[in-house]
Amino acid sequence: MEGLNLYAKLEGQNPVGSIKDRPAMWVLRRAAERGELHEDSTIVESSSGNFASALASYSRLLGLKFIPVIDPNITPAYESFLQRTCERVVKVTERDDMGGFLKTRLQKVQELCASIPGAYWPNQYGNPDVIEAHYQLTGEEIRKAFTQLDYVFIGVSTGGTIAGVSHRLKEAFPSVRVVAVDAQGSVIFGGAAGKRYIPGIGASVRPQLVDHALIDDVVLVPEIETVQACRELLQEHGLLVGGSSGSCYAAVKRYLPRFRASATSPTVLFLCADRGTAYLETIFTPSWATRFA
């Protein structure tokens, strides 16, 4: 893009394939250190795919049981992976009163925790350990990679990433502008609730962790622009990345007039939260995207 120096942070290179590797590992480690997690524990968590996949992998390494609670918006690839790595997968199908599935998933998590002895809920939506993970790991990696950073675009779902990263980057680069990227149909930043089909960004409930983030601006991205941006990143830049990554790239494009009006070319970073392989049957399949026409 002309008028800016644009960088992408490719979190899909993490071991299990997404930015959620970091909080999954960190939360389990902290819980074990506090004695909240032990060898007889069963981990139960609501997830649209990435966090569940990371928890499934790390739980197996620790010899712990894990029950993911998912919904119909999960990609076939993620659901298939969870079915093969977890003894039990619970899928809710009823939308909540905001048109999404998050409230329904969280209600199911509470029911399971109440019925399973030794259940442990990581609570990626309200656990401060998630913020710490992104402050110490994600944010610190970005800090080390740049001598100057003017803008960072971060997709928002649970809020943990933007909370941790924004605090670390504001310390290192006081003038950096943190732009939260959300999906149309999400209520996180007061938008009207609506049906959404792309997982990993947006929510039908405002997560607690968002309140801890240092946010300068918010961009709401229609899902059709997310699809178009994902395909552009692949076709023009060779980056096969997921839905929230496409949303962040689309948000950068919406900012272009502002960048080009600047006296100097700003240094801009957008986070690519995961790989695009899990979205091959959805975002990258033309017939699937006709729902947005």
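Going by the structure above, here's the rest.
Below is a short write-up of the structure. (Residues numbered from 1 in each chain as written. Predicted model: local features only at pLDDT ≥ 70, side-chain atom pairs only at ≥ 80, totals over all residues. Heavy atoms only, no water.)

**As for the sheet that holds strand β3 (residues 65–70)**
Right, so step 1: Taken in spatial order, the four strands of this open sheet run β4-β3-β2-β5, and their pairing is parallel. On the outer flanks of this sheet lie β4 (90–91) and β5 (119–120), each paired with one strand and no other.
Right, so step 2: Where β3 meets β4, two bridges bridge the pair, whose relative direction is parallel. Bridge pairing in β4 places Ile70 opposite Lys91.
Right, so step 3: Against the sheet, helix α2 (residues 50–62) makes contact with β2 (42–46) and β3, and its axis sits at roughly 170° relative to β3, the strand it touches most. (Pairing = 2+ DSSP bridges. Helix = DSSP H or I, 4+ residues; strand = E, 2+ residues; numbered from the N terminus. Contact = heavy atoms within 4.5 Å. Axes fitted to C-alpha atoms, helices over the stretch in contact; angles between N-to-C directions.)

**Section: the nonpolar core**
Right, so step 1: Counting 58 residues, the largest nonpolar core has Ile43, Leu82, Ile142, Leu149, Val152, Leu169 and Ile283 as its most contacted members.
Right, so step 2: Aside from chain neighbours lying at most four places away, what touches Leu149 is Ile142, Leu169, Phe173, Val176, Thr267, Val268 and Leu269.
Right, so step 3: If you look at the next biggest cluster of nonpolar residues, it comprises 23 residues, including Val179, Ala183, Val241 and Val268. (Core = buried A, V, L, I, M, F, W, Y, C linked by side-chain atoms within 4.5 Å. Buried < 20%, exposed > 50% of the residue type's maximum accessible area, 1.4 Å probe, protein only.)

**What about the sheet that holds strand β6 (residues 151–155)?**
Right, so step 1: With respect to topology, five strands assemble into an open sheet ordered β1-β9-β6-β7-β8, the strand pairing being parallel. The two strands at the open ends of the sheet, each matched to only one other strand, are β1 (5–10) and β8 (217–221). On average, adjacent strands in this sheet sit at an angle of 25° to one another, irrespective of strand direction.
Right, so step 2: Alignment of β6 against strand β9 (residues 267–272), held across three bridges, turns out to be parallel. Directly across from Tyr151, in β9, lies its bridge partner Val268.
Right, so step 3: Contacts from helix α8 (residues 243–254) reach β1, β6, β7 (177–183), β8 and β9, with the element oriented near 155° to β9.

**Digging into the environment of Leu137**
Right, so step 1: With respect to the helices and strands, the residue Leu137 is situated in helix α5 (residues 128–145).
Right, so step 2: Between the C-alpha atoms of Leu137 and Thr104, which are 33 residues apart in sequence, the distance is 31 Å.
Right, so step 3: Residues within four places of Leu137 in sequence aside, it is in contact with Arg22, Met25 and Trp26.

**Comments concerning helix α3 (residues 76–85)**
Right, so step 1: Taken together, the buried positions of α3 are Tyr78, Glu79, Leu82 and Thr85. Buried residues in α3, looked at end-on, bunch into an arc of 140°, giving them a common side.
Right, so step 2: Contacts from the buried residues of α3 go to α2, β3 and β4. (Arc of directions from axis to C-beta.)

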